[in-house]
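Commentary on secondary and tertiary structure
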Amino acid sequence: MNTDPSQIQLTADGRLKHFLTTEGLSKDLLTEILDTADSFISTQERSVKKVPLLRGKTVANLFFENSTRTRSTFELAAKRLSADILNLDIQRSATSKGETLMDTLWNLEAMYSDMFVVRHADSGAAHFIAEHVTPNVAIINAGDGRHAHPTQAMLDMLTIRRHKGSIEGKVVAIVGDILHSRVARSQIHALNTLGAAEVRVVGPATLLPRDIEALGCKAYYDFNLALRDCDVVIMLRLQKERMQNALLPSESEFFKLYGLTTEKLALANPDAIVMHPGPINRGVEIESAVADGPQSVILNQVSYGIAVRMAVMAMAMSGQQSEQQAEQQAKGETEA
Ligand code: NCD
């Protein structure tokens, strides 16, 4: 029984009904997401890729921030689950005429949407929406400010599991702009829950939040040291759109200290994999020889993103339906 009020993303019997953050979710639930995603990878390799799990359901993609991979893989995931998908073009929507977020959402609810996939610049936006939407509409967080990006973290976990056999016992380094990265935060929670041996966060002091170690990771300023014994190296983009002040001397200085080159990668375990959530900036955080090299699984991450998003959408919809049935049953019993 779920008694934690902060677990707004779970039904009373502990099933997923929204997916807002990896923080606080159990190992069993995260593993269920990965196992479900694994089963969808095989359906993706068939000539007919669709399964009917969300037939008759309507998913609205609401991206208040730009996106290439996340938005298109959510769209493909919804289509491959046979849902109808509505891609709201925020730049051309009434948001630009001053309509509030909640007014936009209430209008979409009036169109009988069953699920909102939301990306927003404000940390906490998805949680806020989940608290205020009509019951039985599932909210999937596609990135909120610098807070969380749970589906990205889970596709990263699936990538590690498929390429390294498991997450348990692995040493993982997350490198670069940790300060502004919602991806890093969601990864740290998921890696710890799934039993990684050590999570290292690496970057200049200006890009490593002081309290980051409280999340369950070790801060490194020396990239060479952090690469030692590493099984997985995750590179992050410098998120300049979120930087209010100059936090770096220069991009070339950053690349010299924290850019991943073939020479630097040789300091990690020989079979280490290289990951990046994208978009990559070649020559800023990663050199092309590494991004396109044999240890890179960056494009595999993108492919697995479809399966993970299918898994999360299917699980949340099914959680919503079971909750609705339980409510109807309880109502029937009190009326009888
Ligand atoms: C990330 C994001 O938007 O947080 N990208 C993504 O979803 N693939 C990371 C980034 O923008 O650098």
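First, a word on what this report is: a plain description of the structure on this page. Please read these numbers as outputs of a predicted model, since none were measured by experiment. (Residues numbered from 1 in each chain as written. Predicted model: local features only at pLDDT ≥ 70, side-chain atom pairs only at ≥ 80, totals over all residues. Heavy atoms only, no water.)

**So, the pairing of strand β2 (residues 84-88)**
The condition is simple: Strand pairing is defined by DSSP finding a minimum of two bridges between the two strands. Secondary structure counts use DSSP, requiring at least four H or I residues in a row for a helix and at least two E residues in a row for a strand, with both numbered from the N terminus. Whether a crossover is right-handed comes down to one check: with the strands pointing away from the viewer, does the path from the first strand over the helix to the second run clockwise; if it does, it is right-handed.
Alignment of strand β1 (residues 58-63) against β2, held across five bridges, turns out to be parallel. Note that in β2 the partner of Thr58 across the bridge is Asp84. The parallel pair β1 and β2, bridged by helix α2 (residues 69-80), forms a crossover whose chirality is right-handed.

**Let's talk about the packing of aromatic side chains**
Quick note on the threshold: Two rings belonging to Phe, Tyr or Trp (six-membered ring only in the last case) form a pair when the distance between their centres is within 6.5 Å. Interplanar angles under 30 degrees mark stacking, angles over 60 mark edge-to-face geometry, and anything in between is tilted.
Counted according to the given criterion, the structure contains two aromatic pairs. Relative to Tyr258, the ring of Phe254 lies with its centre 5.7 Å away and its plane at 35 degrees, an arrangement referred to as tilted. Of this pair, Phe254 and Tyr258 both sit in helix α8 (residues 251-258), four residues apart, roughly one helical turn. Through a chain of ring-to-ring contacts, three or more aromatic side chains come together here, namely Phe223, Phe254 and Tyr258.

**Observations regarding the pairing of strand β4 (residues 138-144)**
Note the threshold: Relative accessibility decides the category of a residue: with a 1.4 Å probe and only protein chains considered, values under 20% of the type maximum give buried, values over 50% give exposed, and everything between is partly exposed.
Extensive coverage of β4 is indicated by the burial of seven of its seven residues. Bridging between strand β3 (residues 115-120) and β4 involves five bridges; their strand directions are parallel. Directly across from His120, in β4, lies its bridge partner Asp144. In this fold, β3 hands off to helix α4 (residues 125-132), which returns the chain to β4; that crossover is right-handed.

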